[in-house]
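Given next are the chains, with one letter for each unit.
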Amino acid sequence: MAAAGAEAVAAAAEEEEEEAAAGGKRRLPLPDPESGGDSEDEGDSDSSGDGEDEEKENEAEIQRLEEQLSINAFDYNCHLDLIKLLRQEGELVKLRRARQKMSELFPLTEEIWLDWLKDEIKMASEISEREKVYELFERAVKDYICPEIWLEYAQYSIGGIGQEGGIEKVRSIFERALTAVGLHVTKGTALWEAYREFENAILETAQPAPGSVPSPKQQQMLCSQLERIHTLFRRQLGIPLLDMEASYAEYEEWSEEPIPETIIKNYKKALQQLEKCKPYEEALLGAETPKLAEYQAYIDFEMKAGDPARIQLIYERALAENCLVPDLWARYNQYLDRQLRVKELVLSAHDRAVRNCPWTVGLWIRYLLAMERHGVDHCIISEIFEKALNAGFIQATDYVEIWQAYLDYLRRRVDFTQDSSKELEELRSAFARAVEYLKQEVEERFSESGDPSCTIMQNWARVEARLCNNMQKARELWDNIMTKGNAKYANMWLEYYNLERAHGDTQHCRKALHRAVQCTSDYPEHVCEVLLTLERIEGTLEDWDAAVQKTENRLARVNEQRAKVAEKEAALAKQEEEKAEQRKQARAEKKASKKAKKNRIGDKRKADDDDEGEWGREEEAEQPSKRHKGDGDGLLLEEDMELETGLFGRSGAEKPDRPANQKQKASTSRKDIPKVLHDSSKDNVTVFVSNLSYNMAEPEVKLKELFESCGEVEQIRPVFSNKGMFRGYCYVEFKDEKSALQALGLDRKVVEGRPMFVSPCVDKNKNPDFKVFRYSTTLEKHKLFISGLPFSCTKEELEDVCKAHGNVKDIRLVTNRAGKPKGLAYVEYENEAQASQAVLKMDGLTIKEHVIKVAISNPPLRKLPDKPEAGRASQFAVPRQIYGARGKGRTQLSMMPRALQRQSNPVAKAENGVVQNSPATSSEPAEEPKKMSNADFAKMLLNK
């Protein structure tokens, strides 16, 4: 039966191969069930025309994808699209080549392998071609441990049963498959059943003809075949698999003998083990991708049981679904390195790890260590290291780490008992290449070498000094290190001094410390102390005197410089304090003049009724409208409105209240509301809400509707100014702490066109350093930072651009406090691979005539101002509002009238507008100020 099936498959493959040779391409006809016989010719011509157009479009797309891959061979999605199109077009040669290239760069998924294998199986007819399919299967089972691929492999091998040694080859493949995936709780049963069916088929062919007596040889063959099937049943029943009861019932029915007690005991034990595994299997079935938490729980469970085969299998199952998670690969490889220690298994896992996550330097380092641990040839290790350098790490420090790991490996190969060797020269050459590589390649890409303290050169110097006894080379290296900006650090000099102390001589130690005293700027006292200690123990009197003089001179210069800096800081602080005091005084005078002006206006109008019409109209025309700071409505103050309508004699019909007046009446009514002080003991159930619109009507009602979704609201306390105007922030107190925590989720919600800020209620006097920032400020390799976006770009438009390169989990457009976009965005992908791919594709892309910049999210560290020391103020202690949000600009205008600027001494106004005595004459008795009419006031201004 199996041989007949193989012949049928081979015949079909031959026919398809002939078709491919004749036509070049294979296409499946798509009949139209609705077309009739009369329109058959017309339909064929239309469909052929459409087919030609589609074929041209596909060829153009294939050419575009091939060009794109020539530019960036690591574009995973581009590989998938190309393979899909080539398979659709039937381009078998190009399809095979495309799959081959992709498999060299990436481990292929189960679906891709199965499609590839099925296509190759259809084309394989000769024995040599079948061998190529076997080789392809061997590559497939090494990428991931997949039950479906192993089952397909075993079933395909049955087709070659007629060849010499065919049966033994099939059994070998089945045994390997059982070793790999036979313990799979949900999918292992299918493999066991396929193996039994194969052995049952062999048993049927070994049965003698009806009515004939079997020979002793036939009888022996029958017994051995029956024993094989018995063994398969017994092995399967000892493993916890789904539907074990059905397998046990099948064994009872098939076996002519009773089942032994030991087999029943093992079966019951496996059933108990299955009951323990079922919750974890059910959790995996019900969970959504990526199921990392569920798999980790399953792994922890198997770890406690301690069966290495089951632990390995559950790790492989997790990796098949989460192949782009570096941490999962790292944990798996660590387990294999420490527990199993099987060379082929360990190295295969490491190789798959770096092929799936090539951007993770830790996986490459583990791979190098594993190869060294298992005695892999030096040429292969060097080749893997070169691949690591071309993997495209996303940080400069990653290159320093991989170079250091490789140099450590080379150092361990050297026999330092010999004066010179090939390995030593290779080590020195690698050190030199590493220094040059960091300087050229890495610094050009990242604008930094990733090794500012020159750790690689330091290690090189230690190797030369300690292992090669070559202090001259070590000194040259340290001299080079100091010229790279490290001479100002005391710790670098002390590191060099310790090396000289251990492997050099006193003269060079003294020379190094003298240079250190001269160059160190961070901790010169420490270096001076080390120099004096050296001379105290080993120096002569002349050496001691020279050291004392040098250290005293150096410390004197340092103290002088520090005193100048302190004096400068104190002067700046004093200057800022004086400016602050002047501004404070100017604000007080301005406030007093405004208050006096209101009373002065009424007195002036009553003193001169003759001129009130003329001057009243002129004042009304020239009076600027006053606005509340922060309000955008441009409303006149209530007091000014009353003066204009009452003092100029306009007693016309009353105008209806405008919305602004209604608002001010409402705000005036709030003046009488008693202020409720905040109770700090309820901070845990209270949230602080800010950045609300000043124009919000009835904030209590509006916010209560908003926050009631989080829990029962106990109280809402909006904060109003002295004039009853809402100040844009409030306190929301809940019934319980859980509701307050849930309310924090409303942070950045847009309310009346502005993003509302919701933060925990914390007393800043008790916790001055408390900051609330909901987003990460560290490196996030799966998140992108995009700048240069047009302000009109929406979240949906950006998502359409980003989702072409991976699964987008979240997009955040950065806005200012008013909710206006800043042209910046953060895009979060599912994993690091998709984010890295998106950076390569999107950086420099044009969106609405704006060229955007895309990078991995790595916000710079915020430089916090130092706290001023006691007795010495710091320039950073000046409040930000003194100079405004961006500092004191050239366009800041003085609001003082030019007529008053001409006077040399500052003056102050009295309540009715006349000038008071200057401070120099303030000791004289003050005369009663003379009241001025409108006409007198106008004459005074005109005379000026």
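Residues numbered from 1 in each chain as written. Predicted model: local features only at pLDDT ≥ 70, side-chain atom pairs only at ≥ 80, totals over all residues. Heavy atoms only, no water.

1. As for the overall build of the chain
Worth spelling out the cut-off: Each helix is a run of H or I in the DSSP string that is no shorter than four residues. Each strand is a run of E no shorter than two, and both are numbered from the N terminus. A 1.4 Å probe rolled over the protein chains alone gives each residue an accessible area, and that area as a share of the maximum for its type sets the label: buried under 20%, exposed over 50%, partly exposed in between. Throughout, a residue-residue contact means that at least one pair of heavy atoms, one from each residue, lies within 4.5 Å. We get accessible surface area from the Shrake-Rupley algorithm with a probe of 1.4 Å; when it comes to residues, only the shown protein chains can shield them.
Along its length, the chain carries 35 helices and 11 strands. When burial is assessed residue by residue, the chain has 37% of its 944 residues classed as buried. The long-range share in the chain, meaning contacts at least 24 apart out of those at least 6 apart in sequence, stands at 62%. When the accessible surface of the chain is summed, it comes to about 57200 Å², and 51% of that surface belongs to carbon and sulfur atoms.

2. So, the confidence of the model for the chain
To keep things clear, this is the line we draw: pLDDT is a per-residue confidence score from the predictor, ranging from 0 to 100.
Confidence in the prediction for the chain averages 79 pLDDT; 76% of positions are at 70 or higher. Within the chain, the element-level pLDDT minimum falls on helix H28 (residues 638–646), averaging 36, and the maximum on helix H17 (residues 361–373), averaging 96. In the model, residues 1–43 has pLDDT below 50 throughout and makes 31 contacts with residues more than four positions away in sequence or in other chains. A low-confidence stretch, residues 865–929 (pLDDT under 50), is modelled with 44 contacts involving residues beyond four sequence positions or located in other chains.

3. Things to note about the sheet that holds strand E5 (residues 754–760)
This is how it is decided: Strands are treated as partners if at least two bridges between them are detected by DSSP. Angles here are taken between N-to-C directions and fall from 0 to 180 degrees, while the axes themselves are lines fitted to C-alpha atoms, restricted in helices to the stretch in contact.
Read across the sheet, 5 strands follow the order E2-E3-E1-E5-E4 without closing on themselves; strand pairing throughout is antiparallel. Across the chains shown, the open sheet's two edge strands, defined by having one partner strand only, are strand E2 (713–720) and strand E4 (749–751). With direction set aside, neighbouring strand axes in the sheet form an average angle of 30°. Two strands pair when backbone bridges link them, and E2 and strand E3 (residues 726–734) are joined in this way by 6 bridges, in the antiparallel orientation. Paired with Phe720 across the two strands is Phe726, which belongs to E3. The strands touched by helix H30 (residues 699–707) are strand E1 (686–690), E2, E3, E4 and E5; relative to E2, the strand with the most contacts, the crossing angle is about 140°.

4. Details of the pairing of E1
Extensive coverage of E1 is indicated by the burial of 4 of its 5 residues. Where E1 lies against E3, 4 bridges are found, and the strand directions are antiparallel. Bridge pairing links Phe688 to Tyr731 in E3.

5. Some points on the sheet that holds strand E8 (residues 821–829)
Strand order in the open sheet made by the 4 strands is E7-E8-E6-E11, with antiparallel pairing throughout. Either end of the sheet is taken by a strand with one partner, and the two such strands are strand E7 (808–815) and strand E11 (853–857). Taking the axes of each pair of neighbouring strands and ignoring which way they run, one obtains an average angle of 25° across the sheet. Packed onto the sheet, helix H32 (residues 795–802) meets strand E6 (780–787), E7 and E8 and runs at close to 135° relative to E7.

6. Some remarks on unusual backbone geometry
For the bond from Thr289 to Pro290, the omega torsion is 15°, close enough to zero to count as cis. The residue Pro290 is located in the loop between helix H12 (261–286) and helix H13 (292–305) in this model. Even without being glycine, Lys291 reaches a positive phi, approximately 60°. Structurally, Lys291 can be placed in the loop between H12 and H13. Residues other than glycine seldom take positive phi values, yet Asn691 does so here, at roughly 65°. Here Asn691 shows up in the loop between E1 and H30. Its relative accessible area of 5% is what places Asn691 among the buried residues.

7. Some thoughts on the nonpolar core
Quick note on the threshold: In these notes, a set of buried Ala, Val, Leu, Ile, Met, Phe, Trp, Tyr and Cys residues joined through side-chain atoms within 4.5 Å is what counts as a nonpolar core.
The biggest cluster of nonpolar side chains holds 164 residues, and the ones touching the most others in it are Ile149, Phe174, Ile402 and Trp403. It is helix H19 (residues 396–413) that contributes the most residues to this core, 10 residues altogether. Once you skip the residues sitting within four places of it in the chain, Ile402 turns out to touch Val361, Trp364, Ile365, Leu368, Phe385, Ala388, Leu389 and Phe393.

8. Points about the packing of helix H15 (residues 326–340) against helix H16 (residues 343–356)
This is how it is decided: Put simply, angles under 35 degrees are roughly parallel, angles over 145 are roughly antiparallel, angles from 65 to 115 are roughly perpendicular, and the rest are oblique. Left-handed describes a crossing whose near helix is turned anticlockwise from the far helix through less than a right angle; right-handed describes the clockwise counterpart.
Between H15 and H16, the shortest axis-to-axis distance is 10 Å and the interhelical angle comes to 165°. By the angle class used here, H15 and H16 are roughly antiparallel. Seen from above, H15 lies across H16 with left-handed handedness. Residue-level contacts link Trp329, Tyr332, Asn333, Leu336, Asp337 and Leu340 of H15 to Leu345, Val346, Ala349, His350, Arg352, Ala353 and Asn356 of H16.

9. A short note on a positive patch on the surface
Spelled out, the test is: What goes into a patch is any residue over 30% in relative accessible area without a salt bridge, connected to like charges within 9 Å or, for nonpolar side chains (Val, Leu, Ile, Met, Phe, Trp, Tyr), within 5 Å. A carboxyl oxygen of Asp or Glu within 4 Å of a side-chain nitrogen of Lys or Arg is what we treat as a salt bridge. For the charge count, each Lys or Arg is scored as positive and each Asp or Glu as negative, with His and the chain ends excluded. Taken as the charge location is NZ of Lys, CZ of Arg, CG of Asp or CD of Glu.
Taken together, the side chains of Lys590, Lys591, Lys594, Lys595, Lys597, Lys598 and Lys723 define a basic patch exposed on the protein surface. Considering the arrangement of structural elements, one finds Lys723 in the loop between E2 and E3.

10. Some words on the packing of aromatic side chains
Centre-to-centre distance and the angle between the planes together describe a pair of aromatic rings. Filter applied, for reference: By convention, a stacked pair of Phe, Tyr or Trp rings (six-membered ring in the case of Trp) has centres within 6.5 Å and planes under 30 degrees apart, an edge-to-face pair has planes over 60 apart, and any other such pair is tilted. Each ring is checked for a lysine NZ or an arginine CZ that lies within 6 Å of its centre and within 35 degrees of its normal; such an atom marks a charge sitting over the ring.
For the structure shown, the criterion picks out 32 aromatic pairs. Relative to Tyr267, the ring of Tyr248 lies with its centre 4.4 Å away and its plane at 10°, an arrangement referred to as stacked. Within this pair, whereas Tyr248 is found in helix H11 (residues 244–254), its partner Tyr267 is found in helix H12, the two being separated by 19 residues in sequence. Positioned above the aromatic ring of Tyr134, the side-chain terminus of Lys169 is 3.5 Å from the ring centre. Stacked on the ring of Phe757, the Lys or Arg Arg748 has its end atom at 4.6 Å from the ring centre.

11. Quick look at the side chain of Gln404
Mapped onto the elements of the fold, Gln404 is located in helix H19. On the basis of relative accessibility, which here comes to 16%, the residue Gln404 falls in the buried class. With sequence-adjacent residues up to four places away left out, Gln404 is seen in contact with Thr455, Ile456 and Asn459.

12. Examining the pattern of salt bridges
Within this structure, the stated rule accounts for 40 salt bridges. Across the pair Arg462 and Glu495 runs a salt bridge whose closest N-O atoms are separated by 3.0 Å. Of the two residues, Arg462 sits in helix H21 (residues 455–467) while Glu495 sits in helix H23 (residues 490–503), which places them 33 residues apart along the sequence. A relative accessible area of 28% places Glu495 in the partly exposed class. The salt bridge involving Arg717 is made with Glu733; its shortest N-O contact spans 3.1 Å. Here the residue Arg717 occupies a position in strand E2, and Glu733 occupies one in strand E3, the gap between them amounting to 16 residues. We classify Arg717 as buried; its relative accessible area is 10%.

13. What about helix H4 (residues 92–105)?
Owing to its 3.6 residues per turn, the α-helix aligns residues three or four sequence positions apart on the same side. The following threshold applies: The length a helix should cover is 1.5 Å for every residue beyond the first. Picture the helix axis, draw a direction to every C-beta atom, and the arc is the one those directions span.
When the terminal C-alpha atoms of H4 are compared, their 20 Å separation across 14 residues agrees well with the 20 Å that a helix rising 1.5 Å per residue should span. Buried residues of H4: Leu95, Ala98, Arg99, Met102 and Ser103, and no others. Angular distribution of buried residues about the axis of H4 spans 130°; they occupy a single face of the element. Exposed positions of H4 whose direction lies more than 90 degrees from the buried face are Val93 and Glu104.

14. Remarks on the environment of Phe785
Mapped onto the elements, Phe785 comes out in strand E6. A sequence separation of 54 residues divides Phe785 from Val839, and the C-alpha atoms of the two residues are 9.4 Å apart. Not counting residues up to four positions away in its chain, the partners in contact with Phe785 are Leu824, Ala825, Tyr826, Lys853, Val854, Ala855, Ile856 and Ser857.

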